[in-house]
Amino acid sequence: VWTRCTKRARSLRFCTRLPFETHLLSYMERVAASSQAVCCTLQPLNARLSTLRIALTPGQRFRFGRHAECEQSFPSDYRISSLHASLLLDVWDDGTPCIAIEDSSINGTYINAERVPKGARLRLRSGDQLFLVIPSEELLHATGYEGSLVAKFIGYVFSYDSDVTPAAAP
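Summary of the structure given here.

About the cut-offs
Residues numbered from 1 in each chain as written. Predicted model: local features only at pLDDT ≥ 70, side-chain atom pairs only at ≥ 80, totals over all residues. Heavy atoms only, no water. Core = buried A, V, L, I, M, F, W, Y, C linked by side-chain atoms within 4.5 Å. Buried < 20%, exposed > 50% of the residue type's maximum accessible area, 1.4 Å probe, protein only. Helix = DSSP H or I, 4+ residues; strand = E, 2+ residues; numbered from the N terminus. Contact = heavy atoms within 4.5 Å. Pairing = 2+ DSSP bridges. Axes fitted to C-alpha atoms, helices over the stretch in contact; angles between N-to-C directions.

Bringing the nonpolar core into the picture now. With 34 residues, the main nonpolar core has Leu42, Phe64, Leu87 and Ile99 as its most contacted residues. Listed by contribution, the elements that provide at least two residues to this core are β3 (38-44), β4 (52-56), β5 (61-65), β7 (85-91), β8 (97-103), β9 (109-111), β12 (129-131) and β13 (155-160). When sequence neighbours within four positions are dropped, the list of residues in contact with Leu87 reads Leu42, Ile54, Leu56, Gln60, Arg61, Phe62, Phe64, Ile99, Ala100, Ile101 and Leu124.

See below:
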């Protein structure tokens, strides 16, 4: 499914997709073949947040956002979009199931301090740092904001609960 990549995109592990209709069946077959749940843990980087343990099956999403229907809701944090981002089941090129994040926010989702383009899907690896708001004081101040993030950032360290990394990861 992921074939056209720029050098920067390869470093972030996401690429533009070929036409949707071309690879839909192949993609769905690969996801269906991995019908077992893939489990992960999101360990908070900020003590005010709780550890999240998540199991995803094909077609299921774990949503972050302000909306009350999101599995992880931040109802009073207006830096977070109504539906900010989702975790979903994906597969590596070798067919190994994995978890990916899909951004749908205005303010951005960051993996390892790199912004995920809106609408893009990024496959996650153990040790990746996931931020739902700007992840550093330096990046924040570059936007013109003069406050502090110390007590208010929303970040997690992602890890799989089992080995799902393919032998030759893209």
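Text resumes after the structure shown.
This brings us to the sheet that holds strand β6 (residues 72-73). Taken in spatial order, the 5 strands line up as β6-β5-β7-β8-β11 in an open sheet, and their pairing is mixed. Since the sheet does not close on itself, it has two edges, and those belong to β6 and β11 (121-123), each with one partner. Here β5 pairs with β7 via 4 bridges, running antiparallel. Across the sheet, Arg63 pairs through a bridge with Ser86, a residue of β7.

Structurally, Ser86 is set in strand β7. Residue class for Ser86 comes out buried when judged on its relative accessible area of 4%. When residues no more than four places from it in sequence are discounted, the contact partners of Ser86 are Arg61, Phe62, Arg63, Ala100, Ile101 and Glu102.

A separate point is the sheet that holds β3. The antiparallel open sheet is built from 6 strands, whose spatial order is β4-β3-β13-β12-β9-β10. Every interior strand has two partners, whereas the edge strands, β4 and β10 (114-116), have only one. When the angles between neighbouring strand axes are averaged without regard to direction, this sheet yields 30°. Alignment of β3 against β13, held across 5 bridges, turns out to be antiparallel. In the sheet register, Cys40 faces β13, and the bridge partner there is Tyr160.

Phi is positive for Asn112, which is not a glycine, with a value near 50°. Here Asn112 is to be found in the loop between β9 and β10. Residue class for Asn112 comes out partly exposed when judged on its relative accessible area of 37%.

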